[in-house]
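Listed below are the residues making up each chain.
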Amino acid sequence: MPSSTANEFEAHRAYLTAVAFRMLGNRAEAEDAVQEAWLRFAQAQDVRDARGWLTTVTGRICLDQLNSARVRRTSYPGEWLPAFAVDPDADPAVLAERADQVSIALLVVLERLTPEQRVAFVLHDAFGVPFEEVATVLDTTPAAARQHASRGRRAAAEGGVRHTAGVAEQRRVLAAFLTAAQSGDLRTLVSVLAPDVVAISDGGGVARAARRPVLGAEKVGRFFHGLFTRRLGDVTDLKVEPVLVEGDAGMLLRGVWPDGSRLLVVLTVAVEDGRITGLFTQQNPEKVLLGDLE
């Protein structure tokens, strides 16, 4: 294999990983998809537009995985959230070079789209891929590809969790929320939440978690009030550590349950206008990627 082929592929790896991650919502699966694209690229002949060719191939690999995952997730116990990539709390500029970073709030929105809508929306709206090329990925017409993207865009706008705050504001709001939750101040806790806030917990059938989204400030407030004032009271050596989750503010909770099992919970938020619009809690240990925090 010529070294020039490998070098040409490496020039596009970060871009392809960013595309695949937005499509799949799972960093490991995205990297596997890109690796498969590399194997096909290494065997291809007379590729004139490497970026376009690789985008098409990666998109098709991701589309196949999305269709397969759609079937698997119908049997997933409770709510499904993407894996959380957790980093030490630091200046976000330190992580700015990670091109595949995307908020959990956006990944939750993308999960509501059909595989075709998600691929079309990500390729066209996020990466500016022309509809003629999107159509090639979806094996359809440009007009149909445009329609898939339009429907995905509309579904994302209508069902999205608003998230416009910077990391500094996210940290401030999340800190106020946790202070109120730990002190048992329900009124203050509710005041930090947007009226239409949604809380989604993923236990994966391994950890105890809400089986459905909790909606509304009052219900979400009472849910977390009970969690911190009652249930977590049984945990020994409880540690609450500020972290970054895909570049957004989050909290890592670790400790030991009375039966000796390990508590591992990662919480991140979506914030707009000083209030929390979404709370996402990952409790499935297989989907908590701690990296340097191990």
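Counting of residues starts from 1 at the beginning of each chain's written sequence and follows it residue by residue. Reporting of local features is limited, given that this is a predicted model, to residues whose pLDDT is at least 70; pairs of side-chain atoms are given and counted only at 80 or more, and all residues count toward the totals for whole chains, interfaces and linings. Excluded from the side-chain calculations are hydrogens and water; all other atoms, namely the structure's heavy atoms, are used.

Engineer: Could you give an account of the sheet that holds strand β8 (residues 288–289), with specific residues and numbers?
Structural biologist: A pair of strands is considered paired only if DSSP assigns at least 2 bridges between the two. The numbering of helices and of strands both runs from the N terminus, where a helix is a DSSP run of H or I of at least 4 residues and a strand a run of E of at least 2. Ordered in space as β3-β2-β7-β6-β5-β4-β1-β8, the 8 strands form an open sheet in which the pairing is mixed. Every interior strand has two partners, whereas the edge strands, β3 (214–215) and β8, have only one. Where strand β6 (residues 262–272) meets strand β7 (residues 275–282), 7 bridges bridge the pair, whose relative direction is antiparallel. Bridge pairing in β7 places Val266 opposite Gln282.

Engineer: Please set out the UniProt feature "domain: RNA polymerase sigma-70 region" (unreviewed entry) in the protein residue by residue, giving values where relevant.
Structural biologist: Sequence positions flagged by UniProt for "domain: RNA polymerase sigma-70 region" (unreviewed entry) are, in local numbering, residues 9–70. The span residues 9–70 carries 87% helix and 0% strand; its end-to-end C-alpha distance comes to 30 Å. UniProt positions are given in the numbering used here, feature names are shortened, and annotations may be inferred rather than shown by experiment.

Engineer: Which residues make up the side chain of Asp248, and what are the values?
Structural biologist: Tracing the sequence through the fold places Asp248 in strand β5 (residues 248–256). Throughout this description, buried means an accessible area under 20% of the type-specific maximum (1.4 Å probe, protein chains only), exposed means over 50%, and partly exposed covers the range between. Asp and Glu count as negative and Lys and Arg as positive, but His and the ends of the chain are not part of the count. For salt bridges, the criterion is a side-chain nitrogen of Lys or Arg within 4 Å of an Asp or Glu carboxyl oxygen. Among buried Asp, Glu, Lys and Arg side chains, Asp248 stands out as unpaired, with Arg171 the closest opposite charge at 9.7 Å. Only heavy atoms matter for contacts: two residues are in contact if any of them lie within 4.5 Å across the pair. When near neighbours in sequence (up to four residues on either side) are disregarded, Asp248 contacts Ser103, His163, Gln170, Val243 and Thr268.

Engineer: Could you give an account of the pattern of salt bridges, naming the residues involved and the relevant values?
Structural biologist: Enumeration according to the criterion identifies 12 salt bridges in this entry. One salt bridge in this structure joins Glu169 and Arg172, with 3.9 Å as the shortest N-O distance. Pair noted here: Glu169 and Arg172 are both in helix α8 (residues 167–183), with a separation of 3 residues, about one helical turn. The network of salt bridges with shared partners includes Arg162, Asp196 and Glu272.

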